[in-house]
Amino acid sequence: MNETARQRIQALQALLKDEAPEVRAAAAHAIEQLEGVASLDDVLLSLKKGDAGTKIRAIYALGLIGGERVVAPLIYCAGRPEEGIRSVAVEVLGSLANPAVLPVLLERLNDNVAAIQARAIAALSLFPSKPGLCEHLYPFLAADDGSLEAEAALALARLGDLTAADRIEALLASTHASTRQAAATALSLLPLS
């Protein structure tokens, strides 16, 4: 934490005992904001200089911090060559549900690693109000690998895409248990009409 943030937090701490509840609430909120900004700098430093495990923890921490300032570093990580970094970044970007990250998630649908594609599919299910999103997921229903079609079925169900109901129902006969399980769950999530 930098010295300026520390000094401001110390100055605000006295207000946590103020007689006015609104002053106490404002002081608590201000301290929380300052701690978040200060910790963001620490997390970004860990992301830049840490080993792979530290970078992955930093990416998850960025997701917890949230806000606009974390979007650019997470987008950068989603394009990194390291599979683990890319995969976690895609997951965290999805959890932000920020419309600005949609192009990155759609790009990761074309990743050369199926696990990252699956995370991108799952992440896209968190954007239900985006028209045309489901069309990007339909091809994955035919993946037949036990993972991608399962994620696609669940994502389409979460997005409430009734037009996919027949294709999801067909997955109940898949040779992959994970796909049959996901299809069963997806059918229960789909609206009835």
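Provided above is the structure to which this section pertains.
Reading the values: the criteria
Once a new chain begins, its residue numbering starts again from 1 and follows that chain's sequence as written. Residues qualify for local features only when their pLDDT is at least 70, as the model is predicted, and side-chain atom pairs are given and counted only at 80 or more; totals for whole chains, interfaces and linings, by contrast, use all residues. Derived side-chain values reflect all non-hydrogen atoms in the structure, with water molecules and hydrogen atoms excluded from consideration. Numbering of helices and strands runs from the N terminus; a helix is a DSSP stretch of H or I covering at least four residues, while a strand is a stretch of E covering at least two. Radius of gyration here uses only the C-alpha atoms, and the compact-globule reference equals 2.2 Å multiplied by the residue count raised to the power 0.38. Exposure is judged per residue with a 1.4 Å probe applied to protein chains only, and the accessible area is read against the type maximum: over 50% gives exposed, under 20% gives buried, and values in between give partly exposed. Should any heavy atoms of two residues lie within 4.5 Å, those residues are considered in contact. Planes of paired rings set the category: under 30 degrees apart is stacked, over 60 is edge-to-face and the rest tilted, where pairs are Phe, Tyr or Trp rings (Trp by its six-membered ring) whose centres lie within 6.5 Å. Only when the NZ atom of a Lys or the CZ atom of an Arg is both within 6 Å of the ring centre and within 35 degrees of the ring normal do we say a charge sits over the ring. What makes a nonpolar core is a set of buried Ala, Val, Leu, Ile, Met, Phe, Trp, Tyr and Cys residues whose side-chain atoms join them at distances within 4.5 Å. Only the contacting stretch of a helix is used when fitting its axis, a line to C-alpha atoms as for every element, and angles between N-to-C directions run 0 to 180 degrees. Roughly parallel covers angles under 35 degrees, roughly antiparallel covers those over 145, roughly perpendicular covers 65 to 115, and oblique covers all other angles. Lys, Arg, Asp and Glu make up the charged group, whereas Ala, Val, Leu, Ile, Met, Phe, Trp, Tyr, Cys and Pro make up the nonpolar group; the residues left over, Gly among them, are polar. Salt bridge, as applied in this entry: a Lys or Arg side-chain nitrogen positioned within 4 Å of an Asp or Glu carboxyl oxygen. Counted as a polar contact is a pair of N or O atoms within 3.5 Å, where, for protein atoms, one must be capable of donating a hydrogen and the other of accepting one, and residues adjacent in sequence contribute only when both atoms are in side chains. Working definition: the arc comes from the directions between the helix axis and the C-beta atoms, pointing outward to the latter.

Some details on the overall build of the protein
Thinking step 1. Helix and strand content of the protein: ten helices and zero strands.
Thinking step 2. Going from N to C terminus, the protein has its helices and strands arranged as α-α-α-α-α-α-α-α-α-α.
Thinking step 3. Here the protein has a C-alpha radius of gyration of 21 Å; the compact-globule value for 193 residues is 16 Å, and the former is much larger.
Thinking step 4. When its C-alpha atoms are laid out on the principal axes, the protein stretches across 65 × 40 × 25 Å.
Thinking step 5. Every one of the 193 residues in the protein was classed for burial, and the buried ones make up 40%.

Some details on helix 8 (residues 148-158)
Thinking step 1. When you tally the buried positions in helix 8, you get nine out of eleven residues, the bulk of the element.
Thinking step 2. Restricting attention to buried positions, one finds in helix 8 the residues Leu148, Glu149, Ala150, Ala152, Ala153, Leu154, Ala155, Leu156 and Ala157.
Thinking step 3. Buried residues belonging to helix 8 abut helix 7 (114-124), helix 9 (165-170) and helix 10 (177-189).
Thinking step 4. Note on helix 8: the residue one or two positions beyond its end, Gly160, has a positive phi of about 75°.

Some details on the packing of aromatic side chains
Thinking step 1. With the rule as written, the count across this model stands at zero aromatic pairs.
Thinking step 2. Stacked on the ring of Tyr138, the Lys or Arg Arg167 has its end atom at 4.2 Å from the ring centre.

Details of the nonpolar core
Inside soluble globular proteins, nonpolar side chains tend to come together where they are buried.
Thinking step 1. Ile59, Leu105, Ile121, Leu137, Leu141, Leu156 and Ile168 are the most contacted members of the largest nonpolar core, which has 53 residues in total.
Thinking step 2. If you tally residues by element for this core, the top one is helix 8, at eight residues.

Thoughts on the packing of helix 8 against helix 10
Thinking step 1. At a closest axis distance of 8 Å, the pairing of helix 8 and helix 10 adopts a crossing angle of 5°. In this view, helix 8 runs roughly parallel relative to helix 10, as classed from their interaxial angle. Contacts between helix 8 and helix 10 involve Glu149, Ala150, Ala153, Leu154, Ala157 and Arg158 from the first element and Ser178, Thr179, Ala182, Thr185, Ala186 and Leu189 from the second.
Thinking step 2. Looking at the contact of helix 8 with helix 10 residue by residue, the class counts come to seven nonpolar, three polar and two charged.

Some details on the pattern of salt bridges
Thinking step 1. Within the structure shown, the criterion is met by five salt bridges.
Thinking step 2. Between Asp111 and Arg108 there is a salt bridge, with the nearest N and O atoms lying 2.9 Å from each other.
Thinking step 3. Its relative accessible area of 12% is what places Arg108 among the buried residues.
Thinking step 4. Residues joined in a network through salt bridges with shared partners are Arg86, Glu107, Arg108 and Asp111.

Structural notes on the side chain of Asn98
Thinking step 1. By the element assignment, Asn98 lies in the loop between helix 5 (83-96) and helix 6 (102-108).
Thinking step 2. A polar atom in the side chain of Asn98 sits 3.2 Å from the side chain of Glu68.
Thinking step 3. What Asn98 contacts, discounting residues up to four positions off in sequence, is Glu68, Val71 and Phe127.

Here we look at unusual backbone geometry
Thinking step 1. The residue Ala97 is not glycine, and still its phi comes out positive at about 50°.
Thinking step 2. Considering the arrangement of structural elements, one finds Ala97 in the loop between helix 5 and helix 6.
Thinking step 3. On the basis of relative accessibility, which here comes to 35%, the residue Ala97 falls in the partly exposed class.

A short note on helix 4 (residues 71-78)
Thinking step 1. Every buried residue of helix 4 is accounted for by Val71, Pro73, Leu74, Cys77 and Ala78. Angularly, the buried residues of helix 4 cover 165° about the axis, an arc narrow enough to put them on a single face. Across helix 4 from its buried face, at more than 90 degrees, point the exposed residues Ala72 and Tyr76.

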